[in-house]
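Per-entry structural report
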Amino acid sequence: MKNLQILHADMDAFFSSVEQRENPELKGKPVIVGGVSRRGVVATASYEARKFGVHSAMPVAQARKLCPQGIYLPSRHQLYQQVSREIFSILDKYTPLVEKLSIDEAFLDIKGCERLYGNPVKIAKLIKADVKQQTELTISIGLSINKFLAKLASDYDKPDGLTIVNANSVKSFLADLDIKKIWGVGDAFAAQLAQLNIFKVRDVWPYSQEELRNRFGKAGSKLFLLCRGIDQRQVSPGSEIKSVSHEETFAENLLDKDKLLAYLFKMSEKVSFRLHSNSLKGKTVFIKIRYADFSTLNRQISPADPVASAEKIYYLAKELLESNELFSHPVRLLGVGVANLTAQKQQQLNLFTKPDQNNKLDETIDELKRKYGFEKISRARKLYLD
Ligand code: TTP
Ligand code: MG
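Residues numbered from 1 in each chain as written. Chains lettered and ligands numbered in written order. Predicted model: local features only at pLDDT ≥ 70, side-chain atom pairs only at ≥ 80, totals over all residues. Heavy atoms only, no water.

A word on the side chain of lysine 147
You can see lysine 147 is positioned in helix 7 (residues 147–156). Among residues more than four places away in sequence, those in contact with lysine 147 are Ile6, Glu99, Phe107, Asp231, Arg233, Gln234, Val235 and Ser236. (Helix = DSSP H or I, 4+ residues; strand = E, 2+ residues; numbered from the N terminus. Contact = heavy atoms within 4.5 Å.)

Description of the sheet that holds strand 8 (residues 162–165)
If you walk across this open sheet you meet the five strands as 5-6-1-7-8, and the pairing is mixed. Of all strands in the sheet, those with a lone pairing partner are strand 5 (98–102) and strand 8, marking the two edges. Each neighbouring strand pair of the sheet contributes to a mean axis angle of 15°, computed without reference to strand direction. Here strand 5 runs beside strand 6 (residues 105–109); their pairing, made up of four bridges, is antiparallel. Bridging across to strand 6, lysine 100 finds its partner in alanine 106. (Pairing = 2+ DSSP bridges. Axes fitted to C-alpha atoms, helices over the stretch in contact; angles between N-to-C directions.)

Focus: the coordination of the magnesium ion (ligand 2)
Taken together, Asp10 (OD), Met11 (O) and Asp104 (OD) make up the full set of protein donors to the magnesium ion (ligand 2), lying 2.0 to 2.2 Å away. For the magnesium ion (ligand 2), the six donor atoms are set out with angles of 80 to 177° between them, so the coordination reads as octahedral. The sequence pattern formed by the donor residues of the magnesium ion (ligand 2) is D-M-x92-D. When sorted by exposure, aspartate 10 lands in the same class as methionine 11, which is buried. (Donors = N, O, S within 2.8 Å, 3.2 Å for Na, K, Ca; no water. Tetrahedral: all angles 85-135°; square planar, octahedral: opposite > 155°, others 65-115°. Buried < 20%, exposed > 50% of the residue type's maximum accessible area, 1.4 Å probe, protein only.)

Describing the pattern of salt bridges
Under the definition given, this model contains 17 salt bridges. Note that lysine 158 is salt-bridged to aspartate 10, the shortest N-O span being 3.4 Å. On the criterion of sequence distance, the pair formed by lysine 158 in the loop between helix 7 and strand 8 and aspartate 10 in strand 1 (residues 6–11) is long-range, its members being 148 residues apart. Both residues of the pair, lysine 158 and aspartate 10, belong to the buried class. Lysine 180 serves as the salt-bridge partner of aspartate 187, at 3.9 Å between the closest nitrogen and oxygen. By relative accessible area, lysine 180 is classed as partly exposed at 49%. (Salt bridge = Lys/Arg side-chain N within 4 Å of Asp/Glu carboxyl O.)

Some thoughts on the sheet that holds strand 12 (residues 331–343)
Judged by pairing direction, the sheet is antiparallel, and its four strands sit side by side in the order 9-12-10-11 without closing on themselves. Edge positions in the open sheet fall to strand 9 (243–254) and strand 11 (296–301), since each of these has one partner strand only. Strand-to-strand twist of the sheet, defined as the mean angle between neighbouring strand axes without regard to direction, takes the value 15°. Running at roughly 155° to strand 9, helix 12 (residues 257–277) makes contact with strand 9, strand 10 (280–291) and strand 12 of the sheet. Against the sheet, helix 13 (residues 310–323) makes contact with strand 10, strand 11 and strand 12, and its axis sits at roughly 40° relative to strand 10, the strand it touches most.

Considerations on the site of ligand 1
Around ligand 1 sit 15 residues, and of these Ala13, Thr44, Tyr47, Arg50 and Asp104 come closest. Alanine 13 is positioned such that a nitrogen or oxygen atom in its backbone is 2.8 Å from an oxygen atom of ligand 1. Among the secondary structure elements, those contributing two or more residues to the shell around ligand 1 are strand 1, helix 1 (14–22), strand 3 (42–45) and helix 2 (47–50). Among the residues forming the shell around ligand 1, the class breakdown is eight nonpolar, two polar and five charged. (Near = heavy atom within 4 Å. Polar contact = N/O pair within 3.5 Å; in protein donor to acceptor, adjacent residues only side chain to side chain. Nonpolar A, V, L, I, M, F, W, Y, C, P; charged D, E, K, R; others polar.)

Here we look at the UniProt feature "site: Substrate discrimination" (unreviewed entry) in the protein chain
When the UniProt feature table is mapped onto this chain numbering, "site: Substrate discrimination" (unreviewed entry) sits at Phe15. Inspection of the secondary structure puts phenylalanine 15 in helix 1. The residues touching phenylalanine 15, leaving out its near neighbours within four places in the chain, are Val33, Ala43, Thr44, Ser75, His77, Tyr80 and Ile103. (UniProt positions renumbered as here; feature names shortened; annotations may be inferred.)

Brief notes about the packing of helix 12 against helix 13
Across the interface, helix 12 lies against helix 13 with an axial gap of 8 Å and an inter-helix angle of 140°. As the angle between them shows, helix 12 and helix 13 are arranged oblique. Where helix 12 crosses over helix 13, the two elements pack in a sense that is right-handed. Taken together, the residues of helix 13 that come into contact with helix 12 (itself represented by Lys257, Leu261, Leu264, Phe265, Ser268, Glu269, Val271, Ser272 and Leu275) are Ala310, Ile313, Tyr314, Ala317, Lys318, Leu321 and Glu322. (Parallel < 35°, antiparallel > 145°, perpendicular 65-115°, else oblique. Left-handed = near helix turned anticlockwise from the far one by under 90°.)

Dropping the structure here:
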């Protein structure tokens, strides 16, 4: 029990649960929050709606097909922010070592809190009860010896879960886990691992760290450690987020510009989502591009006004790529991010917005969707404005 000092807490179906709380008639029903417009995507679905296969980031049109009886609601971001603040003030009571990860999740280092609140399991139970009592919402908690395991544990028994992974149970907990659950294993890496018949964590165990490093470099070394439940990262509360970025390594090098732009939009949405979740915007947009020969270039631009929307991030990144003629060789990796972050203030009405800019964007996105049918090409902005 001594080493169970890292706790990961994550609210259950956060936006939907808040809506169910606000309107008790919705309790026990399939509630889907997100765009209610034709082109919106699902922000989240209540556990009742998940039984129908509805999940975050799915186009609403598809969700409606899977779950026609669902209750579809627009996203009320300010309300969720307010509830989020209440939850974090509860967590802050237990320890000053709270690292906020997003609007509804955090790591806590509870070492040293025992004298005040009891053993780690007791603390986890107290937090769950406290959140329930003060917000009428449920939170799932994972308790373990490090961040990596605590986060997996909180996800293990959702909703309203409390999962403990102590040093003795690490091996059995990890053995049958899908390799894609491991941090750093995206689709491209998973495809490479599949060639070695690695699909589950246990399939990695026969390989030595050297073998994995030789094959996959740093990522291989990290994979070796995580698959053994080794993670040395500290909970860092004050760690101000300095930048938010997303990058993708492609399974095959890409030269097709439209396809690359489609990926760029998808990544801009992810960056925008994380900025909004943390009420941030940024003064600098940057891109990273790596070619087949591993040469890597970075470019950045600082527009007059800080940005947070997926559209603006996308357009500035596209501008950087095009003006520097960076699409001339096959691309291995593409990344986009926003730095120089500041707090998002109340949105000001912009009297000078050119209406035709957005129409043009709609056309571009529709064009990309038609060509590639990427499920996730949708407009993150809708999540916040619908
Ligand atoms: P999550 O914690 O990932 O999801 P969740 O709380 O809805 O459900 P779970 O019980 O599985 O934790 O995200 C928190 C909130 O962030 C979620 O309620 C809605 C929002 N969100 C989006 O708007 N878009 C997304 O793609 C995701 C993943 C989340
Ligand atoms: Mg959650």
